[in-house]
Structures are given as C-alpha cells and as structure tokens.
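Take a look at the letters that make up each chain.
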Amino acid sequence: MALYEHVLLARQDVSAQQVEALVEQFKGIIEANGGSIPKVEYWGVKSLGYRIKKNRKAHYSLLNINAPAAAVAEMERQMRINEDVLRFMTIRVEELEEGQSVMLQKRDRDERSDRFDRGPGGDRFDRDRGPRRERPRREDEATETVAGEA
C-alpha cells in the first residue's frame, strides 16, 4: 500500500467538533477500502492566502494515510461532494513523518515564547541611533527670494 499526506481545509463557520466528525467520516471511507490512518492532526483555524468560496479563514487538518490508491480516490470523490470542504491536497510520500508535524511544532514554539521578549538586542525602537546630522547644502539650493516677499 502507498503512503500519503493529506491536508484538508474546512469552512470556518463549522465547529471544531464538526471538522472532527468530517475527518472521522473520511477515515471510515479509507478503512472500509482496506487502508488505515495512523495519525490525524487538527491545526486549528488559520487565515487563507486568498478568499476561497467567500471564506477568509479555514479549519486545517492533516491526515497520514496508508491505503491503496482506490481508497484515496474514493475519499477525494466524497470530499468534492461535501460542501463543508473548501480544498484538499493529497501527496504521495516515501515514508510518513513520526511525531508532530512542523505546523504543530511551530504553534508550540510560538505559545512558549514571550512575544514581547526581543532578546539581548531589545526592540528596534530602543536602539540609540546617535546624533542627528543635517545633510549638507548643495550649491544649487541657494536661498532665493521670490518677488513680492521679503
């Protein structure tokens, strides 16, 4: 059987529980056709790069799939029919990733770090830029008086 990584984008106005139910429905399709899904990750609601079917955000989910091609084709067919699914992408891989995906690692790292701690360099507005120098005048910028003024 082939190995696949599948990312699913669901509409933002459905709840996280409904997204989980969608994933379970698609998991059932894969398992009914002789495959398995060893890992499912819910990445949360994220902004889209551009509007898709009038949506600016979507629920993202990752599925690692170990199944024959026919099972994946059937799952994709069901996703095309479902109106809660905005987009999906399935990629065949040589081996499945162990542990957390990069997206979850990034989210954990962001939650752990303090947003206001800029480290030893400080904030960019804290830097001392030194005394302000005026630019030297050019010869053609001589002060001229306009007729009627003075």
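As a starting point, this report considers the structure included with it. (Residues numbered from 1 in each chain as written. Predicted model: local features only at pLDDT ≥ 70, side-chain atom pairs only at ≥ 80, totals over all residues. Heavy atoms only, no water.)

1. Quick word on the environment of Asn33
Working step 1: Tracing the chain through its elements places Asn33 in the loop between helix H1 (16–32) and strand S2 (36–52).
Working step 2: The exposure class assigned to Asn33 is partly exposed, which follows from its relative accessible area of 39%.
Working step 3: In this structure, the C-alpha to C-alpha distance between Asn33 and Ala71, residues 38 residues apart in sequence, is 5.3 Å.
Working step 4: The contacts of Asn33, once residues within four sequence positions are left out, are Pro68, Ala71 and Glu74. (Helix = DSSP H or I, 4+ residues; strand = E, 2+ residues; numbered from the N terminus. Buried < 20%, exposed > 50% of the residue type's maximum accessible area, 1.4 Å probe, protein only. Contact = heavy atoms within 4.5 Å.)

2. Thoughts on the packing of H1 against helix H2 (residues 69–81)
Helix-helix packing is characterised by the crossing angle of the two axes and by the distance between the axes.
Working step 1: Where H1 contacts H2, the two axes come as close as 8 Å, and the packing angle between them is 150°. Classified by the interaxial angle, the pair formed by H1 and H2 is roughly antiparallel. Crossing of H1 over H2 shows right-handed handedness. Touching Phe26, Ile29 and Ile30 of H1 are Ala71, Val72, Glu74, Met75, Gln78 and Met79, all from H2.
Working step 2: When grouped by side-chain class, the residues that make up the contact of H1 with H2 number seven nonpolar, one polar and one charged. (Axes fitted to C-alpha atoms, helices over the stretch in contact; angles between N-to-C directions. Parallel < 35°, antiparallel > 145°, perpendicular 65-115°, else oblique. Left-handed = near helix turned anticlockwise from the far one by under 90°. Nonpolar A, V, L, I, M, F, W, Y, C, P; charged D, E, K, R; others polar.)

3. Remarks on unusual backbone geometry
Working step 1: The phi angle at Lys53 is positive, at roughly 50°, despite the residue not being glycine.
Working step 2: Inspection of the secondary structure assignment puts Lys53 in the loop between S2 and strand S3 (55–67).
Working step 3: Accessibility expressed as a relative area gives 56% for Lys53, which makes it exposed.
Working step 4: The phi dihedral of Lys54 falls on the positive side, at around 70°, and the residue is not glycine.

4. Some thoughts on the nonpolar core
Working step 1: Within the largest apolar cluster, 20 residues are counted, with the highest numbers of intra-cluster contacts made by Phe26, Ile30, Ile65, Ala67, Val72, Met75 and Met79.
Working step 2: Sorting the residues of this core by element identifies strand S1 (2–11), H1, S3 and H2 as the ones contributing at least two each.
Working step 3: Per element, the largest residue contribution to this core is six residues, and it comes from H1. (Core = buried A, V, L, I, M, F, W, Y, C linked by side-chain atoms within 4.5 Å.)

5. Let's talk about H2
Working step 1: Taking 1.5 Å of rise per residue, the 13 residues of H2 would be expected to cover 18 Å, and the 19 Å separating its terminal C-alpha atoms lies within 8% of that figure.
Working step 2: Of the positions making up H2, those classed as buried are Ala71, Val72, Met75, Glu76 and Met79. For H2, the buried positions fall inside an angular range of 135° around the axis, keeping them on one side. Facing away from the buried side of H2, by more than 90 degrees, are the exposed residues Ala70, Arg80 and Ile81. (Expected span 1.5 Å × (residues − 1). Arc of directions from axis to C-beta.)

6. Remarks on the environment of Gly34
Working step 1: Position of Gly34 relative to the elements: it lies in the loop between H1 and S2.
Working step 2: Remark: the alpha-carbon pair of Gly34 and Ala71, spanning 37 residues in sequence, is separated by 7.3 Å.
Working step 3: Apart from residues lying up to four places away in sequence, Gly34 is in contact with Met1 and Pro68.

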